Amino acid sequence: MLELLAAAAAYTATPDAAIGRWQTPVRHGVVEITKCGASICGSLMDSDGLRADPHLKDIKNKDAAKRSRALKGLVILEGFAWKSNAWADGTIYNADDGGTYTATLTPTSANQIKLKGCIVWPLCKTQVWTRIR
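Criteria and thresholds
- Residues numbered from 1 in each chain as written.
- Predicted model: local features only at pLDDT ≥ 70, side-chain atom pairs only at ≥ 80, totals over all residues.
- Heavy atoms only, no water.
- Salt bridge = Lys/Arg side-chain N within 4 Å of Asp/Glu carboxyl O.
- Helix = DSSP H or I, 4+ residues; strand = E, 2+ residues; numbered from the N terminus.
- Buried < 20%, exposed > 50% of the residue type's maximum accessible area, 1.4 Å probe, protein only.
- Phe/Tyr/Trp six-rings, centres within 6.5 Å; stacked < 30°, edge-to-face > 60°.
- Lys NZ or Arg CZ within 6 Å of the ring centre and 35° of its normal.
- 1 Å grid on protein atoms, 1.4 Å probe; cavity = no way out; pocket = protein on both sides within 12 Å on 5 of 7 lines; lining within 4 Å.
- Points joined across faces, edges and corners; volume = space filled by probe spheres on them.
- Nonpolar A, V, L, I, M, F, W, Y, C, P; charged D, E, K, R; others polar.
- Pairing = 2+ DSSP bridges.
- Polar contact = N/O pair within 3.5 Å; in protein donor to acceptor, adjacent residues only side chain to side chain.
- Contact = heavy atoms within 4.5 Å.

## Some remarks on the pattern of salt bridges
Per the stated rule, a full pass over the model turns up six salt bridges. Arg 21 is the partner of Glu 32 in a salt bridge, and the nearest nitrogen-oxygen pair spans 3.2 Å. In this pair, Glu 32 sits in strand S2 (residues 30–36) while Arg 21 sits in strand S1 (residues 20–23), placing the two residues 11 residues apart along the sequence. For Arg 21, a relative accessible area of 34% translates into the label partly exposed.

Structure, rendered in structure tokens:
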């Protein structure tokens, strides 16, 4: 156990550590994070809902004009800046409720990132995403 804690404490994140495909802990989501200029962005590639219906639309979006757009491939993470070993000041879009929230992505190891999304601080939720190999 101490070895795991020491390894986690010794991990130094780099901006590229978040690049890749990630499994979310909710509804078996798969998000692909790529470089977008000096930032990163993430697109929804798969989920339980998309496996049941690959043509799912963004029907809960608060902007009625966007409700006909496809969820598959939708950019849900954007606007981040690299600060203090984390991607901060970005946003995450949640298709479950049609809301966009402030977000921070922190690589915690080579195979895990911590995503923190907030309505307003301290009203935040945190998830750990696992790299898909």
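## Brief notes about unusual backbone geometry
Geometrically, the link from Trp 121 to Pro 122 is a cis peptide bond, its omega value of 15 degrees lying close to zero. Located in the positive-phi region is His 28, a residue other than glycine, with phi close to 50 degrees. The topology assignment puts His 28 in the loop between S1 and S2. One non-glycine residue with positive phi stands out, namely Ser 84, at about 50 degrees. You can see Ser 84 is positioned in the loop between strand S5 (81–83) and strand S6 (86–94). A relative accessible area of 74% places Ser 84 in the exposed class.

## Quick look at the packing of aromatic side chains
Here the distance between the centres and the angle between the planes together describe a pair of aromatic rings. A complete count under the given rule lists one aromatic pair for this structure. Sitting over the ring of Tyr 93, Arg 69 keeps its end group 5.4 Å from the ring centre.

## What about the layout of surface pockets?
Gaps left between atoms show up when a probe the size of a water molecule is rolled over them. Considering only enclosed or pocket space, the largest pocket measures out at about 860 Å³ in volume. In this structure, the largest pocket is lined by 34 residues; those nearest its centre are Arg 27, Tyr 93, Asn 94, Ala 95 and Asp 96. Every element with two or more residues in the lining of the largest pocket is listed here: helix H2 (48–52), S6, strand S8 (112–120) and strand S9 (123–131). Ranked by residue count, the leading element in the lining of the largest pocket is S9, at six residues. In terms of residue class, the lining of the largest pocket is built from 18 nonpolar, eight polar and eight charged.

## Things to note about the pairing of S2
Sheet analysis places S1 next to S2, joined by four bridges and oriented antiparallel. Looking across to S2, one finds that Gly 20 is bridged to Ile 33. Count of turn residues in the S1/S2 antiparallel hairpin: six residues, of which Arg 27 carries a positive phi of about 55 degrees. Bridge count between S2 and strand S3 (residues 39–46): seven bridges; the pairing is antiparallel. Across the sheet, the residue bridging to Val 30 is Asp 46, located in S3.

## Some words on the side chain of Asp 58
Assignment of secondary structure puts Asp 58 in the loop between H2 and strand S4 (75–78). We classify Asp 58 as buried; its relative accessible area is 1%. Within the structure, the side chain of Asp 58 is placed 2.9 Å from the side chain of Arg 69, a separation counted as a polar contact. One polar contact links Asp 58 to Tyr 93, side chain to side chain, over a distance of 2.5 Å.

## So, the environment of Val 75
Positionally, Val 75 belongs in strand S4. On the basis of relative accessibility, which here comes to 35%, the residue Val 75 falls in the partly exposed class. Between the C-alpha atom of Val 75 and that of Met 45, which follows or precedes it by 30 residues, the distance is 9.4 Å. Excluding residues within four positions of it along the chain, Val 75 makes contact with Cys 41, Gly 42 and Ser 43.

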